[in-house]
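# An overview of the molecular structure
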Amino acid sequence: MTEQAGGKLTTHVLDTAGGCPGAGIQVQLYYLDGNRDGDSEHCLTHMVTNSDGRTDSPLLTAENMVPGVYELRFWVGDYFAAKELVSKEIFLPQVPFLDLIPIRFGIADATAHYHVPLLVSPWSYSTYRGS
């Protein structure tokens, strides 16, 4: 990938059911070679969210950010299953409704800051381009 100045990609997971950051969630970032079909995907990084629901460093920095199609994958099934073990307030079915959440998005300006937050519960999620 070619070098660009100033761009970065970050994420933040918020547990809307628990009213807290989504800590300890595995996050993977894939580059799809500009191909929306995902035929040629490359895993760029694998991180785990910290106690604030963020990754300790950006998923992409200026050195490796290029325009194209990307996909973030959030492993929320494991997160909610672990929460159920420590909290009697969450009652989840044997097979989770949400397990792996993929968010496919495009980066048009490699010099910009792209922030892709995930607001999630065991039964729903939403995202947007943040700042």
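Report follows, based on the coordinates. Note that this is a predicted model, so its numbers are computed, not measured.

## Details of the side chain of H115
For H115, the location among the structural elements is in strand β7 (residues 113-120). The class for H115 is buried, based on a relative accessible area of 7%. Within the local environment of H115, its side chain forms a polar contact with the side chain of T10, the two groups lying 2.6 Å apart. Not counting the four nearest positions on each side in its chain, H115 is found in contact with T10, T11, H12, R54, Y128, R129, G130 and S131.

## Quick notes on the sheet that holds strand β6 (residues 100-107)
Strand order in the open sheet formed by 4 strands is β4-β3-β5-β6, with antiparallel pairing between adjacent strands. The open sheet has two edge strands with one neighbour each: β4 (42-48) and β6. Averaged over neighbouring strand pairs, the angle between their axes works out to 20° when direction is ignored. With 6 bridges connecting them, strand β3 (residues 26-31) and strand β5 (residues 68-75) associate as antiparallel partners. Paired with V27 across the two strands is F74, which belongs to β5.

## Looking at the pattern of salt bridges
By the definition in use, this model includes 5 salt bridges. The salt bridge partner of E41 is R73, with a shortest N-O separation of 2.9 Å. With E41 in the loop between β3 and β4 and R73 in strand β5, this pair connects stretches of sequence that are 32 residues apart. For R73, a relative accessible area of 13% translates into the label buried. Connected via shared salt-bridge partners are E41, E71, R73 and R104.

Rules used in this analysis
- Residues numbered from 1 in each chain as written.
- Predicted model: local features only at pLDDT ≥ 70, side-chain atom pairs only at ≥ 80, totals over all residues.
- Heavy atoms only, no water.
- Helix = DSSP H or I, 4+ residues; strand = E, 2+ residues; numbered from the N terminus.
- Buried < 20%, exposed > 50% of the residue type's maximum accessible area, 1.4 Å probe, protein only.
- Polar contact = N/O pair within 3.5 Å; in protein donor to acceptor, adjacent residues only side chain to side chain.
- Contact = heavy atoms within 4.5 Å.
- Pairing = 2+ DSSP bridges.
- Axes fitted to C-alpha atoms, helices over the stretch in contact; angles between N-to-C directions.
- Salt bridge = Lys/Arg side-chain N within 4 Å of Asp/Glu carboxyl O.

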